[in-house]
Amino acid sequence: MSKLNVVMRVALVAALAASLSGCVVGTVVGTAVDVGVEVVKVPFKVGKGIYDVVKDDEPKDK
């Protein structure tokens, strides 16, 4: 193999590795955002559950 072929293969492998690392970073960031959104939703879900338990469902007689 000539030096040019070796250099081209190394460059190709490096380019593929760099492109895959971008996908991994995107996946990690997307997962972190999804977890963050769910953490923010929890207090509202708990508050709604408490409200549903406390509220009076029976209509008052007049």
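Shown above is the structure to which this text applies.
I will try to describe carefully the structure that is included in this document. Keep in mind that what you see is a predicted model, and the values were worked out from it rather than measured.

Thresholds applied
Residues numbered from 1 in each chain as written. Predicted model: local features only at pLDDT ≥ 70, side-chain atom pairs only at ≥ 80, totals over all residues. Heavy atoms only, no water. Helix = DSSP H or I, 4+ residues; strand = E, 2+ residues; numbered from the N terminus. Buried < 20%, exposed > 50% of the residue type's maximum accessible area, 1.4 Å probe, protein only. Areas by Shrake-Rupley, 256 points an atom, 1.4 Å probe, with all protein chains shown as cover. Salt bridge = Lys/Arg side-chain N within 4 Å of Asp/Glu carboxyl O. Patch = residues over 30% accessible without salt bridge, like charges linked within 9 Å, V, L, I, M, F, W, Y side chains within 5 Å.

### Considering the overall build of the chain
For step 1, the next point in the chain: Along the chain, the regular secondary structure elements total one helix and zero strands.
For step 2, the next point in the chain: With 62 residues in all, the chain has 0% of them scored as buried.
For step 3, the next point in the chain: When the accessible area of the chain is evaluated, it comes to approximately 5,800 Å², of which 72% is carbon and sulfur surface.

### So, the pattern of salt bridges
For step 1, the next point in the chain: Scanning all chains against the criterion turns up three salt bridges.
For step 2, the next point in the chain: With a closest N to O distance of 3.0 Å, Lys-48 and Asp-52 form a salt bridge. Of the two residues, Lys-48 and Asp-52 both sit in helix H1 (residues 3-54), four residues apart, roughly one turn of that helix.
For step 3, the next point in the chain: The exposed category is assigned to Lys-48, whose relative accessible area is 52%.
For step 4, the next point in the chain: For Asp-52, a relative accessible area of 32% puts it in the partly exposed group.
For step 5, the next point in the chain: Taken together, the shared-partner salt bridges in this structure form one network comprising Glu-38, Lys-41 and Lys-45.

### Remarks on a nonpolar patch on the surface
For step 1, the next point in the chain: Taken together, the side chains of Val-42, Val-46, Ile-50, Val-53 and Val-54 present a nonpolar region at the surface, about 490 Å² in accessible area.
For step 2, the next point in the chain: With respect to the secondary-structure elements, Val-46 resides in helix H1.
For step 3, the next point in the chain: For Val-46, a relative accessible area of 47% translates into the label partly exposed.

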